[in-house]
Each structure stands twice: as C-alpha cells, then as structure tokens.
Amino acid sequence: MVKNYFVLFVRNLKRQRLFSIINLLGLTVSIASTVLIYIYVTHEFSYDRFHAHADRIYRVNQTFIWGENSDNQFASTGPGVAYAIKEELAEVELITSLHTPGNFIVSYTTPTNEIIAFEEDKVLAADTNFFSMFNFPLLKGNAATAFKQANAVVMTKSTAQKYFGNADPVGKLVFLGGLGGGKQQTYEVTGVVDDTPDNSYIEFDMLLSMKGFPIERFYWSWVWTQLETFVRLSPTANVEQVKTKLAGIPRKHAEETLRRAMNTTFDDYLKSGKKWELFLQPMTGIHLPSETVINRLNDSGNRKIIYSFIGAAVFIVLLSCINFMNLSTAQFTRRIKEASVRKIMGLGKKELGIGYFFEAFTFCLLALITALALTQLLLPGFNQITEKSLEINLFNNPILLAALLGLTLLMATVSSSYPALFLSSFNPAEAIKGKLKIGKGGKSFRSGLVIFQFSVSIVLILCTAIVFQQLNFVSKKDIGFDKENLVVLSHLEAVQNGESLARAAMNIPGVEDASWCTSVPPRIWGGDTFSAEGMNGLTFPLNFAMADENYLPTLNIKLKFGRNFSIDTPGDVDRVILNEAAIQKIGWKADESIVGKKIEYDNSTFEVIGVMSDFNYWSLATPIEPMAVFHIKTKNLYDSDRKFLTLRIAPQSSEAWETTLASLQDLWKVHAGDSPFDYHLVDQAFAETFKSQAQFGKVLTIMAALAILIASLGLLGMIVYALEQRTKEIGIRKVSGASVTDILLLISKGYTHLILIAFLIGAPLSYWMMMKWLQDFSYRITPSVWIFVFTGLGTLVVAILITSYHSAKAALTNPIDVLKDE
C-alpha cells in the first residue's frame, strides 16, 4: 500500500510540475525561515538559564533617580542597598555585587623581558560571593580564595592564553593601569574561568577583586550608583512577601543618604513628586525584560521583537500550508476521475484520506530536507544580520529535531485536511459522467485563503516600511547638536596635558575644532545632586560633563542666553552652563536674568554664565534631562578618571579622512607614547543605541519578502488553474471578437478585488501593531499615509502583473486550436 502511495506521489509530481515547484518552493522557504527564527528565539530565551538555581536569582533594581518623571527601572545601585538587604531580608541566602571600573591597559613581562600589553575593555570587579552565585566554574584556581586579596584577578581562558600562552597563569603577576599616567598596580592571577557563554548577560574577560575598590567606604550611600546587586532567595522564600518587605527598605535606609547628599528627608523627597523604590528582576528575565530597565553591565533584548519574529514564522508557515491546500483543492477537476476510479475499485474515504495525507507528508518531508540544506547556507548571513553565533546541529538538539518532525506532520495534516475531505466525499458515478459540479463553495473558500495570504503579506510589508520610516526619522532628527563628522579620542587621561594636545590637534589639516572633556553624547554619565537659588535647600539630580571652552563650538550646541567659557577669564573654572531642562527643573524664569544665579554642590558654589539649548545627550529613546557643562579645570567637582578629545572634522573625501586620522595617530604617539590610539564616531555611537531596532527592521524585511513571495506563488498557481478551467470560454470569446485587453480584464478582475480586500484588512491591523511598537520611542513619527498608498498600489501591481502575464499567454493562443483540443 505504501509503495502504491509513493508511486502515485511520483506520478503526480511529474504530471503537475508547475504546481509541484510552487508547493515545494513555498514549503522549503517557510521551513527554512522557521528554523532560523526558532534557533534565534530559543537562543534569546536561553539567557542566564545555565546558572545553578537561576530560578532563585534576582537582580535588585531601583527607581531611575537621575531622571525626572521616568518610570524606567535602574539596574545601578549604591553599596547601601546591599547592606540594607543583608540586614532586613532573612529570605536572602546569598548576595553579591558587581562593579564596572572601566578599561585598563594590562601588561605582562615574560621571563625573557618581553612586554605583552593589551587594552581590556571587559573588566568587572566582583566580591567573594561571585562564584557561589553564578555558574562560571574555575578551570584553574580556588573559587573560595580567588578574591580573598585586594590585588587579585581572574581571567577567562582566551584572555589568559593571550598573555601567557600555554603556561599556567595562576600565580603570575600582571600590571594594570597606565591610562591615567599614574602608577601601575600589580595584580596576581588567582584563577582562570572558561570564556563566558554568548547567552550570558554578565560578560567579562577579567574579574578584579572588589576589595581593591572603595566599596566599604561608601557603605551608607544609595547615590554612588556604581554597582549591580544580585540576590539569591532561599528555596522556601515567598517572592511576593520579599517584594513587600523590599518596598519598605528605602524609607528606612535611604534617609541617611538623602540627608547627606540631598539635604532632605525621605518624606520631603516623596512630597516633591519623586519616588524611590526597589524591585526584584528575575535573572532569567534580564535579557528580555517585561519593562524598560536601564542596565549597567550589558544591553537587553526586546521582547516585542522576539514575539514579532515568532508571529512572522507562524504566519509564513500558514501561508505555505494555505498554498498547498489551495492548489490541491483547485486541482479537483484534474484528479476527480482518478479519485472516482479508485472509489469504484473499493477504496473508502479513509483510504483516500490517508493517500492524500501520505502525499502531503512526503512532499513536506522533501521540503524539510531541502530546507535544512538551505538553512545551513543562509545561517552565516543570518548571523551577520543578528550579530549572533548561532549554529544548527540536529543530533545535539533533540528538541529541534522533534519540533521539525512535528512541524512536518502539522503542515502535512493542515495542507491535506481540506483536499482529503473534499476529494473523498463525492459520488463517483456522477463524477465519471461529468455531472459533478464544484459549486461556488470551493471557489469562495479558495478566495478567502488568497485574501488571508495577501493580508498577512501586506501587514508584514507595512510594518517593515513603518519600522524603517521610524529609524530614518530618528537618524535624521535634529537632536540639538551636529553629531556628524565628530571624532572622539579615548584615553586622554594618558596624556599629561590634554589642553596642549587639543591645541596641537587644531593644526592638523581637516580638524576644524577640538575640545578636551570628560564625556560626549550619547555617553554622558556624570551626575550628582545639586541645589540652586530659590530652592530653599532642596536638591535636584543634574547630569553633567566637564569640558573646556571649545566644547559647545565643537559640538555646535547653541547658546540661548549668556556666554560660553572663555580662555581669557580664569574665573570661569568655577562657573557653569545649564541646559533648558535644568532651568525648568529649578523653576527659574527662562531669560537673561538667569545669568549670575548660582547652583550649589557639596559646599561649593558655581555661577551660571549661560544657558544652552536642550540637546539629546543620551539615546533618542530617552527624554532630555537636566544637564550642565562645568569647566574641566574646576577643583570643586570630583575628577573623572576618564577623559576624551572631541574633534570636529571638516566634510572631506575618504582619502582625506584617512590622512587626518593618520596625522592624529602620529600626534597621539608624541603626547601619549605607547598608550593605545582608540577613537569612535559620535554618529555611529547614536546608531548603536537603536541597533536592536535596526536588526528588527532587517529581519522583518526578509520575512515580508518571503511572505509576498509565497503569496505570489499561490496566486500564480491559482491563475494558472483558472486559465486551464476557462480555456474553452476564452476561445469562444476570441472567436466572438474579444480582444486581448478584454481577456486580460476578464481574468484580472477576478483577483484584483481580492487584493483590495486584503489591503483593507491588513492596513488597519499593521497600523495598530506599529503604534504599539512605537511606544518604546520618546520621539516617534506618525506612519505616513503614502506608505499605505504605495504598499496597496505595489501589491496590486504585483497581482496584476502575475495575472496579466498568464492571461496574455492564454489570450494570444489560437482559438481554433483551443476549441479543437476541447
């Protein structure tokens, strides 16, 4: 019996080559795209699940205290949070904190006096509970004593290989520092761990002992937000009860910080409209958070994007199944006599149904094998788009293998269900006599499937267009300063005199302006609490950068009132320039009267000499907060351990850019010696803040293209079938004097109205979906009506072209030959 089914399958495959190619192509593309999305989605949901007791590990977040009217959670906490939790929550069995000390130049002197040095930018500081909390097993060393001493470092396997080759690293000494020109510190290698998995939120190449940093000195502080704090609850702990207890901790323990840092009480802080809350975030939910969290260690993914990919995969599979079902049903008149003979010879509905299922299953199995080969070919390109290192290995992934076989069975069942019922429930005698009528029901059903296919395609096309419209909007939006042609040199702390380097850089051809500063958008992370005239001792959070008098001109930031810093006015070192958001927060009237007012910080006073226009110094996804620019030479603010040189380069050719950068590198060697020459572009840094959305747009484009391909293949098959059924009618019409245009209109009108219906369904649905997605942006566009117009017209044109080609082919056939054949 199976042999007969297989022979029949091969016979139909050869007899109906066009329909077979359409079905095979559609199923192959849908399975391949589904496999790619599956391995991507499973990878995204696998983050941090490799830790022992991962279900009991939580990160402690707090209110974003450095912003105004922000509902986002803040993953950075002060040391005081951990101390308070230890004291108040008995349900916490383990607590650990991680610190981000920044980049270091790490060097090792070999026994032959060769110096091996690299800049390390993935350095974290951890306490003694780190290896008890997280599953990063030591390959060498002792986890219990790895961070017992202050100057201890643990390296990953690849990092240790870089410095020591195949030698045992444990016990060897390396030197950290050098960037600031100060004394290097000696660290002993106390352990080696395997490289961090690519599905880990915590990424590092080196771990330093937390004892080497002034954490204990700030035990009371809730505003020295330099840590991420993690807790592990006991197995018997009730999470909801822990959250309730956690809610009362800030009132009890943040009071000292508020009094010392902000000169206010907790009650007055709340009365001012602010909040200070603590939250528990599951470790396994950090990468794909259910709400926006500002991370410190790493970026998060986007849960909405992942669900969008899942939905796209499901719909693409449905589209290919619909194609199979639609075309199989449409070929009823071709196979009606075959099915009739088989029924007369004794086959029942069950046997016929099994036969159609076997045919569908064999087809899907063939498509699965082809799709797996296609997936291997497409995977490198997909990894490049998503910036992942995904791989597929069915033998090591039984879940994927079972899912693929289940998908094949599901597709075969869905695809064969209607044909099996339809082609096995007719009277064979009437079919043999040619009296069987298909009726309008089958045609209506197929029309409905075509509408569904193109509705899904239109939704994906419109969503893709709106995503790129939004990304184009944020990339070209006026952010308050000119981010183009801005080069930022890092590690200026390695230069003894940053001011002289900035002046020297001005003499390089192509450099229009240069500024010595502590931070540049979109990476303005300096901040603290200040008070101001008229606030009666109340404080407000103020983000700031420290810079010289060329900072505003270099970034092209406009002044609303007052003046800039001046090199001819030494007193400017204790003066400040505020942005409009800061003026509004303080409550001052926005006019020239602001000049001369004062703000206060830690018993120091800064005179306001100017007000600059608001500009986006973080991502466009965040609102503009109060900000200030202080002079880089002031002694009344803590000195940043990181400094930069920001240069505005004149618009020029790529060859001239290379010349300018080479000249800067030569100048760097003169002033900074062997310190690494490292730079980035500000416009690219802003683009990085929307990297996940850009990746979403690229993948969505592929999904939309696949959807329209599958829908078009289905429409092609339906039109070919319709023309075959109306061949005699077309011949009679041509004999009666109908032109080629008349024939085209006759066939086209049968399908163009289906596309219009699909557009009317897909357009509002895509608009609703995209408005939900756009809620993640502080600055967002209203989808252009032209996107909908062009999408509708484009889809209609595709349908007309497909219809017209085959209709014209039929219309140009000799009607006498057609009627003779009939």
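Higher on the page you've got the structure.
Conventions used here
Residues numbered from 1 in each chain as written. Predicted model: local features only at pLDDT ≥ 70, side-chain atom pairs only at ≥ 80, totals over all residues. Heavy atoms only, no water. Helix = DSSP H or I, 4+ residues; strand = E, 2+ residues; numbered from the N terminus. Buried < 20%, exposed > 50% of the residue type's maximum accessible area, 1.4 Å probe, protein only. Contact = heavy atoms within 4.5 Å. Areas by Shrake-Rupley, 256 points an atom, 1.4 Å probe, with all protein chains shown as cover. Pairing = 2+ DSSP bridges. Arc of directions from axis to C-beta. Polar contact = N/O pair within 3.5 Å; in protein donor to acceptor, adjacent residues only side chain to side chain. Salt bridge = Lys/Arg side-chain N within 4 Å of Asp/Glu carboxyl O.

Draft legend 1. Expanded view of the overall build of the protein. Tallying secondary structure elements over the protein gives 25 helices and 25 strands in all. Residue burial in the protein is summarised as follows: out of 822 residues, 53% are buried. Within the protein, contacts between residues separated by at least 24 positions form 80% of all contacts whose residues are at least 6 apart in sequence. Approximately 37,100 Å² of the protein is accessible, and the part contributed by carbon and sulfur atoms is 56%.

Draft legend 2. Representation of the pairing of strand 4 (residues 104-109) in the model. With five of six residues buried, strand 4 lies mostly within the body of the structure. One ladder, built from six bridges, connects strand 4 with strand 5 (residues 115-120); its direction is antiparallel. Residue Ser107 lies in a different strand from strand 5, and its bridge partner there is Ala117. By the bridge criterion, three bridges tie strand 4 to strand 9 (residues 173-177) in an arrangement that is antiparallel. Opposite Val106, over in strand 9, you have Leu176 as the bridge partner.

Draft legend 3. Quick look at helix 16 (residues 498-505). Looking at helix 16, one finds that the buried residues are Gly498, Glu499, Leu501, Ala502 and Ala505. Axial view of helix 16: buried residues confined to an arc of 160°, hence all on one face. In this structure Asn497 caps helix 16, since a side-chain oxygen of it lies 3.1 Å from the backbone nitrogen of Glu499.

Draft legend 4. Looking closely at unusual backbone geometry. The omega torsion of the bond from Pro521 to Pro522 falls at 0°, within 30 degrees of zero and hence cis. Position of Pro522 among the secondary structure elements: in the loop between strand 16 (511-517) and strand 17 (526-532). Despite not being glycine, His53 has its phi angle at roughly 60°, a positive value. Note on His53: relative accessible area 40%, which makes it partly exposed. The backbone of Asn113 shows a phi angle near 65°, a positive value even though the residue is not glycine. Tracing the chain through its elements places Asn113 in the loop between strand 4 and strand 5.

Draft legend 5. Up close: the environment of Leu27. With respect to the helices, strands and loops of the structure, Leu27 is situated in helix 2 (residues 17-45). Remark: the alpha-carbon pair of Leu27 and Val317, spanning 290 residues in sequence, is separated by 7.5 Å. Not counting residues within four places of it along the chain, the set of residues in contact with Leu27 comprises Ser320, Phe324, Phe363, Cys364, Ala367 and Met411.

Draft legend 6. Focus on the pattern of salt bridges. A complete count under the given rule lists 22 salt bridges for this structure. The salt bridge partner of Lys560 is Glu580, with a shortest N-O separation of 3.8 Å. Taken together, the residues Lys560 in strand 19 (residues 559-562) and Glu580 in helix 18 (residues 580-586) connect sequence positions 20 residues apart. Here Glu580 falls in the partly exposed class, since its relative accessible area comes to 28%. Each member of the salt-bridge network shares a partner with another, and the members are Arg563, Asp572, Arg575 and Glu607.

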